[in-house]
Amino acid sequence: MAELLLADEWAEPSDLEVDLREFLPDDYFVVGGPKVHRVPLDAVNVGPPGLCVLHIKDWPGEIRPAAGPWLERTASGREVQHPNPRE
């Protein structure tokens, strides 16, 4: 089980943070709710392979990644553009 560190020590851990703590091995750290350059992130995992930043998006449709904006196709068939999360 990974060690969970919360950026805001008084906050309750999110479901994502609890799941990551449960499913990652002992040699991992999960940092929940950090801010990098004032941008809030969902979690950062630190382990033997390196650092992994998780920024969860609540886009309900089918998502098509691209080099530029990502496209979401909603249940109604409408396409919505979202900024590329890598940027």
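Criteria and thresholds
Residues numbered from 1 in each chain as written. Predicted model: local features only at pLDDT ≥ 70, side-chain atom pairs only at ≥ 80, totals over all residues. Heavy atoms only, no water. Pairing = 2+ DSSP bridges. Helix = DSSP H or I, 4+ residues; strand = E, 2+ residues; numbered from the N terminus. Axes fitted to C-alpha atoms, helices over the stretch in contact; angles between N-to-C directions. Salt bridge = Lys/Arg side-chain N within 4 Å of Asp/Glu carboxyl O. Buried < 20%, exposed > 50% of the residue type's maximum accessible area, 1.4 Å probe, protein only.

Colleague: Would you mind going over the sheet that holds strand E7 (residues 62-64) with me for this structure?
Modeller: Paired through backbone hydrogen bonds, the strands of a sheet run either parallel or antiparallel to each other. Reading across the sheet, the 3 strands line up as E7-E8-E9 and stay open at both edges, with antiparallel pairing between neighbours. Of all the strands in the sheet, just E7 and strand E9 (79-82) have a single pairing partner and so form its edges. The mean angle between the axes of side-by-side strands here comes to 25°, regardless of whether they run parallel or antiparallel. For strand E8 (residues 70-73) and E9, the ladder comprises 4 bridges, and the chain directions are antiparallel. From the neighbouring strand, tryptophan 70 faces E9, where its bridge partner is histidine 82.

Colleague: Explain the pattern of salt bridges here, please?
Modeller: Opposite charge on two side chains allows them to pair when their charged atoms are near. One pass over the full model with this rule turns up 3 salt bridges. Among the salt bridges present, the one from glutamate 22 reaches arginine 21, with a minimum N-O distance of 3.7 Å. Residue arginine 21 is classed as partly exposed on the basis of its relative accessible area of 24%. One salt bridge in this structure joins arginine 73 and glutamate 79, with 2.9 Å as the shortest N-O distance. According to the relative accessible area criterion, arginine 73 is partly exposed, its value standing at 34%. Glutamate 79 sits in the partly exposed class, given a relative accessible area of 39%.

These figures capture arrangement, not role.
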